[in-house]
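Coordinate inspection notes
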Amino acid sequence: MTTTEDTSTMSAECAVAHQPGYAYLHRECRQTKDVPLPGGGGLLLVPRCNCPHHRYSSPG
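Residues numbered from 1 in each chain as written. Predicted model: local features only at pLDDT ≥ 70, side-chain atom pairs only at ≥ 80, totals over all residues. Heavy atoms only, no water.

1. Topic: the packing of aromatic side chains
Applying the stated criterion across every chain, the model contains one aromatic pair. Ring centres of Tyr 22 and Tyr 24 lie 6.4 Å apart, and the angle between their planes is 35°; on these two criteria the pair is classed as tilted. Given the relative accessible area of 39%, Tyr 22 is considered partly exposed. Taking relative accessible area as the criterion, Tyr 24 reaches 41% and is therefore assigned partly exposed. (Phe/Tyr/Trp six-rings, centres within 6.5 Å; stacked < 30°, edge-to-face > 60°. Buried < 20%, exposed > 50% of the residue type's maximum accessible area, 1.4 Å probe, protein only.)

So this is what it looks like as structure tokens:
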């Protein structure tokens, strides 16, 4: 990888999409909003992907 971008909080698809030749995988990302843990008092079961490729208009 030629970039030092931290991919640890991205979806698997977006993390791989940062590799040369795999940019198309950004379209496959399904982590576009937070999924709360039922009864978790605000804890997240799955956080949304924080890839800069996604343009979120508002949180969640």
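That covers the picture; the talk isn't over yet.
2. Details of the confidence of the model for the protein
Across the protein, the average pLDDT comes to 85, with 85% of residues at 70 or higher. The weakest mean pLDDT in the protein belongs to strand 2 (residues 44-46) at 92; the strongest belongs to strand 1 (residues 35-36) at 94. (pLDDT = per-residue confidence, 0-100. Helix = DSSP H or I, 4+ residues; strand = E, 2+ residues; numbered from the N terminus.)

3. A short note on the side chain of Ser 11
Relative to the helices and strands, Ser 11 is located in the segment before helix 1 (12-17). Polar contacts involving the side chain of Ser 11 include one to the main-chain amide nitrogen of Cys 14, which spans 3.1 Å. The contacts of Ser 11, once residues within four sequence positions are left out, are Cys 29, Gln 31 and Cys 49. (Polar contact = N/O pair within 3.5 Å; in protein donor to acceptor, adjacent residues only side chain to side chain. Contact = heavy atoms within 4.5 Å.)

4. Re the state of the cysteines
Scanning the model with the defined rule gives zero disulfides in all. Considering cysteine sulfurs only, Cys 14 is the nearest to Cys 49, which forms no disulfide, with 3.8 Å between them. In this structure Cys 51 is not part of a disulfide, and its nearest cysteine sulfur, from Cys 14, lies 4.1 Å away. With a relative accessible area of 2%, Cys 51 lands in the buried category. (Disulfide = S-S within 2.5 Å.)

5. Some details on the nonpolar core
Among the nonpolar cores identified, the biggest contains five residues, and these are Met 10, Cys 14, Cys 29, Cys 49 and Cys 51. Beyond its immediate sequence surroundings of up to four residues, Cys 51 is in contact with Met 10, Cys 14, His 18 and His 26. (Core = buried A, V, L, I, M, F, W, Y, C linked by side-chain atoms within 4.5 Å.)

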